[in-house]
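# Residue-level structural notes
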Amino acid sequence: MAENNPFEIAKKQIDIVAKVINLNDGVRDILKSPKRELTVNFPVRMDNGDYKVFTGYRVQFNMARGPCKGGIRYHPQVTLDEVRALSAWMTWKCSVMNLPYGGAKGGVICNPKQMSRGELERLTRRFASEISPIIGPEIDVPAPDVYTDSQTMAWIMDTYSMQKGYSVPGVVTGKPIAIGGSEGRGEATGRGCMYVIREATKRQGMKLKGATVAVQGFGNAGSVVAHLLEEEQGAKIVAVSDSKGGIYNKDGLSMKKVMEHKNKTGEVSGFPGAQKISNEDLLKLDVDILVPAALENQITNKNASQIKAKLVAEAANGPTTPEADEILFKNKVTVLPDILANAGGVTVSYFEWVQDLQGFFWPIEDVNSKLEAVMSKSYQAVADSAEKYGVNNRTGAYAIAVDRVATAIRLRGIYP
Ligand code: GLU
């Protein structure tokens, strides 16, 4: 649907904040344009001996504040406009967290669930090779995203290093710890989201202990935030889902047991003692906290008025459309926007990159306490900004993020 084209949404979000912070028109136009886009079509030898051509993208949205940063996703529905939007969101995410990075994103159109490990390795290595002219520790540093993981990063790191002739751990983050990854990176997105939820409930005078929570999506972000909210904050997770459907129990679900079930069967559905629930109905549950942790465009003008949660924490990128944002704001639903709520991942990616460049690695306690400090500080800054301008948290966050990038552009000037 054209109205939910993610890149149109990303541009609209800039227009909204431009008015709030009185952004100069020329700078606004720069901030609506991806700096560099690479499309690659490349063959992969499949297990049956056939060659198959795949299409992939890497979009570098803006690098005024530092090297570009952002994940690579493997998904059948990847489009260039989606990758453009995600690269813009990475720019604002790194900026609002005050990380010295610009933003980028990559994607390959493929269905990793139907590919063997060997096929995925060959696809990853060839894609890494195709984009290698524009990645590197000082240019653009990929990381995991939807359906990619630390093994994917290990293959990219190795492919890039083979081309260079020496090991370059800082070319990607989210690597296995044994080859230069960081302690805590695996759960960082979920952990960061938990910290932001904790800070928001404190500021709003809401009790997190015993609060009811529904989580849409049970991947790296959703499963971890659900687990930590239950384990460390005493919240009650009443519903979770994955791409195949959801489960609900008003008395709460044990995340440890749900995770075991998912590891065994490949899905959360069929978990003993829980009712079936669709992904769409999960969003409308009467819970205190809703965590969309799957894909874009889940909360739209069609269902936003039915959201009953008091707090929506966006562990996914782009789950809420601008129209839905307006409805939620009017209904006094607090949204913790993606560029803040899921920024724990890229924050620990930054720590990983710093450790790689220094060749000096930190213990988990240091990683988590630094993550907690960055998440809490950024949340307070966003909530203050939203209050100052009388806008929702997304626009409050964008006001900080866009202003920082605009300042960098102004100070550097336009070449030549
Ligand atoms: N893919 C994650 C995100 O959307 C992490 C990006 C990174 O660590 O560079 O924020």
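Here's a quick rundown of the structure.

Reading guide: rules and limits
- Residues numbered from 1 in each chain as written.
- Predicted model: local features only at pLDDT ≥ 70, side-chain atom pairs only at ≥ 80, totals over all residues.
- Heavy atoms only, no water.
- Pairing = 2+ DSSP bridges.
- Helix = DSSP H or I, 4+ residues; strand = E, 2+ residues; numbered from the N terminus.
- Axes fitted to C-alpha atoms, helices over the stretch in contact; angles between N-to-C directions.
- 1 Å grid on protein atoms, 1.4 Å probe; cavity = no way out; pocket = protein on both sides within 12 Å on 5 of 7 lines; lining within 4 Å.
- Points joined across faces, edges and corners; volume = space filled by probe spheres on them.
- Near = heavy atom within 4 Å.
- Polar contact = N/O pair within 3.5 Å; in protein donor to acceptor, adjacent residues only side chain to side chain.
- Areas by Shrake-Rupley, 256 points an atom, 1.4 Å probe, with all protein chains shown as cover.
- Nonpolar A, V, L, I, M, F, W, Y, C, P; charged D, E, K, R; others polar.

### Things to note about the sheet that holds strand β11 (residues 311-313)
Across the sheet, seven strands lie side by side as β9-β8-β7-β6-β10-β11-β12; this open sheet has mixed pairing. What marks the edges here is a single partner per strand, and that holds for β9 (275-277) and β12 (334-336). Strand-to-strand twist across the sheet, computed as the mean angle between neighbouring axes with direction ignored, equals 20°. When strand β6 (residues 212-216) meets strand β7 (residues 236-242), the two strands line up parallel, connected through five bridges. Pairing of Thr-212 across the sheet is with Lys-236, part of β7.

### Details of empty space enclosed by the protein
A complete count under the given rule lists one cavity of 30 Å³ or more for this structure. The wall of the largest cavity is formed by Phe-7, Ala-10, Lys-11, Ile-14, Leu-31, Lys-32, Phe-61, Ala-88 and Trp-92. Mapped by element, the contributors of at least two residues to the lining of the largest cavity are α1 (6-21) and α3 (80-96). In terms of residue count, the dominant contributor to the lining of the largest cavity is α1 (four residues).

### Some points on the site of the ligand
Around the ligand, 14 residues are found, and the nearest of them are Lys-69, Lys-93, Pro-144, Asp-145 and Ser-349. Within the contact set of the ligand, an oxygen atom lies 3.1 Å away from a side-chain nitrogen or oxygen of Lys-105. Here the ligand has 290 Å² of accessible area as a free molecule, and 95% of this is covered by the chains. Elements supplying a minimum of two residues to the shell around the ligand: β3 (68-75), α3, β5 (140-144) and α12 (344-358). Classifying every residue of the shell around the ligand gives four nonpolar, five polar and five charged.

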